[in-house]
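Below are the chains, spelled out letter by letter.
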Amino acid sequence: IALIQGYAEGLKLGVTGDLEDREYYCDVIVDEANKMNKLVKELLDLSQIEAGYFTLEKMPFDYSAHVDDILTKLEPLTREKELEVQVEKRPGIWVNADLIRSEQVLVNYISNALNHVDDKGIIRLKVEEREGKVRTTVFNSGPPIPEDALDKVFTSFYKVDKARTRSYGGTGLGLSVVRAIQELDGNRYGVKNLPDGVEFWFELDQETTIQFTTGTA
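Quick summary incoming for the structure in this document. (Residues numbered from 1 in each chain as written. Predicted model: local features only at pLDDT ≥ 70, side-chain atom pairs only at ≥ 80, totals over all residues. Heavy atoms only, no water.)

### Regarding the packing of helix α3 (residues 63-73) against helix α5 (residues 99-116)
Short version of the rule: Orientation is described by lines fitted to C-alpha atoms, with helices fitted over the stretch in contact, and by angles between N-to-C directions that extend from 0 to 180 degrees. A run of DSSP states H or I qualifies as a helix once it reaches four residues; a run of E qualifies as a strand once it reaches two. Both are numbered from the N-terminal end. Small angles under 35 degrees read as roughly parallel and large ones over 145 as roughly antiparallel, with 65 to 115 read as roughly perpendicular and the rest as oblique. Crossing handedness is read from the near helix: turned anticlockwise from the far helix by less than a right angle, it gives a left-handed crossing, and turned clockwise, a right-handed one. Two residues qualify as a contact provided that any one of their heavy atoms is within 4.5 Å of a heavy atom in the partner residue.
For the pair α3 and α5, interaxial distance at closest approach is 11 Å and the crossing angle is 50°. Classified by the angle their axes make, α3 and α5 are oblique. Where α3 crosses over α5, the two elements pack in a sense that is right-handed. For the pair formed by α3 and α5, the contact residues are Y63, H66, V67, I70, L71 and K73 on the first element and L99, S102, E103, L106, V107 and I110 on the second.

Below you can see the structure in the form of structure tokens.
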């Protein structure tokens, strides 16, 4: 807020008359406003869920197709970083879940991976069925999370690398939103270090009746 106020006042007072400098001032204002907008939305989500005012609207849907749609929407981000998300899943996996909130969880995980991937640029997304659950994992190559931080990364405003988080505009709330949604849904989630990177995961309830009906139609 202080940055927005300061740069806006600078423009109003005509601190700089150079067009390039004015554009820079405007870019800072827009960037900081976007960060504040994201922060407020995530705070509202958390407060509603934690206060018990929020309910999930669960329904059966084709999760495999839903994941494809999400990845298509995120293509500009992956293209900008010259990355490609490697996907491992079969078609026709159905879940019984909240369509919007399951997308929010997956997008938060993928965004987190894009922000922390190293120069190897490896990001993998895997969807698999496990005893009535559908588990989604998102892996990015990069340095491990310190062991003493693994149980804290889903805590509100916790940031493993504060300097790096500031550089990409992270709020420290994205993983907290994941935790709140998954706990409201009664499904598991987590993170673990692998030899060459970090893997986040979450589960949804599998929907079998639709698959059975489709398969026998």
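This is not the end of the story, as more comes after the structure.
### Some remarks on empty space enclosed by the protein
What counts here: A pocket here means an open set of points on a 1 Å grid, computed over the protein atoms alone, that has protein on both sides within 12 Å along at least five of seven lines. A cavity is instead a set of points where a 1.4 Å probe fits but cannot get out; residues with an atom within 4 Å of a point line either one. Grid points are joined across faces, edges and corners, and a volume is the space filled by probe spheres set on the points. Each residue receives one of three labels: charged for Asp, Glu, Lys and Arg, nonpolar for Ala, Val, Leu, Ile, Met, Phe, Trp, Tyr, Cys and Pro, and polar for the others, Gly being one of them.
Scanning all chains against the criterion turns up one cavity of 30 Å³ or more. Estimates place the volume of the largest cavity at around 60 Å³. Taken together, L56, A97, D98, R101, S102, V105, I181, Q182, D185 and L204 make up the lining of the largest cavity. Of all the secondary-structure elements, those providing two or more residues to the lining of the largest cavity are β3 (94-98), α5 and α7 (174-185). Across the lining of the largest cavity, the residue classes break down as five nonpolar, two polar and three charged.

### Considering α7
We count it as follows: Helix span, as expected, comes to 1.5 Å for every residue beyond the first. Three labels apply to residues, based on accessible area from a 1.4 Å probe with only protein chains included: buried if under 20% of the type maximum, exposed if over 50%, partly exposed otherwise in between.
Look at α7: 17 Å from first C-alpha to last across twelve residues, which is about the 16 Å you get at 1.5 Å a residue. Counted residue by residue, α7 has ten buried out of twelve residues, so it is predominantly covered. Where α7 is concerned, the buried positions are G174, L175, S176, V177, V178, R179, A180, I181, Q182 and D185. G186 occupies a position one or two residues after α7 and carries a positive phi of about 75°.

### Considerations on α3
Quick note on the threshold: To be clear, the arc concerns the directions from the helix axis to the C-beta atoms. Any pair of nitrogen or oxygen atoms within 3.5 Å is treated as a polar contact; in protein, a donor-acceptor pairing is required on top of that, and neighbouring residues in sequence qualify only through side-chain atoms on both sides.
Along α3, the residues classified as buried are Y63, S64, H66, V67, I70 and L71. Seen from one end, α3 has its buried residues packed into an arc of 160°, which puts them on one side. The N-capping residue of α3, defined by a side-chain oxygen 3.1 Å from the backbone nitrogen of S64, is D62.

### Quick notes on unusual backbone geometry
Note: most residues except glycine have negative phi, and most peptide bonds are trans. Notably, E82 is not glycine yet its phi reads approximately 55°, a positive angle. Inspection of the secondary structure assignment puts E82 in the loop between α4 (75-80) and β2 (85-88). When its relative accessible area of 75% is taken as the criterion, E82 is described as exposed. For E131, which is not glycine, the phi torsion reads 50° and is therefore positive. A relative accessible area of 85% means that E131 is categorised as exposed.

### Regarding the pattern of salt bridges
The criterion, for reference: Any carboxyl oxygen of Asp or Glu that lies within 4 Å of a side-chain nitrogen of Lys or Arg is treated as forming a salt bridge with it.
Applying the stated criterion to the full structure yields 14 salt bridges. With a shortest N-O distance of 3.0 Å, R135 and E203 are connected by a salt bridge. Linking R135 in strand β5 (residues 133-141) with E203 in strand β7 (residues 197-206), this pair joins segments that are 68 residues apart in sequence. By relative accessible area, which is 10% here, R135 ends up buried. For E203, a relative accessible area of 4% corresponds to the buried category. The network of salt bridges with common partners includes K58, K133, D185 and D205.

### So, the packing of aromatic side chains
Short version of the rule: Each aromatic pair joins two rings of Phe, Tyr and Trp (for Trp, the six-membered one) with centres within 6.5 Å, and gets the label stacked for planes under 30 degrees apart, edge-to-face for over 60, and tilted for any other angle. As a reminder, the over-ring test applies to NZ of lysine and CZ of arginine, requiring each to be within 6 Å of the ring centre and within 35 degrees of the ring normal.
This structure, assessed with the given rule, holds five aromatic pairs. One aromatic cluster is present, built from ring pairs that chain together Y109, F154, Y189, F200 and F202. Positioned above the aromatic ring of F139, the side-chain terminus of R124 is 4.2 Å from the ring centre. When the ring centre of W201 is taken as reference, the NZ or CZ atom of R135 above it lies at 3.8 Å.

### Considering the side chain of H66
Within the element layout of this structure, H66 appears in helix α3. Of the residues examined, H66 reaches a relative accessible area of 8% and is grouped as buried. With residues near it in sequence (within four places) discarded, H66 still touches F61, L99, S102 and E103.

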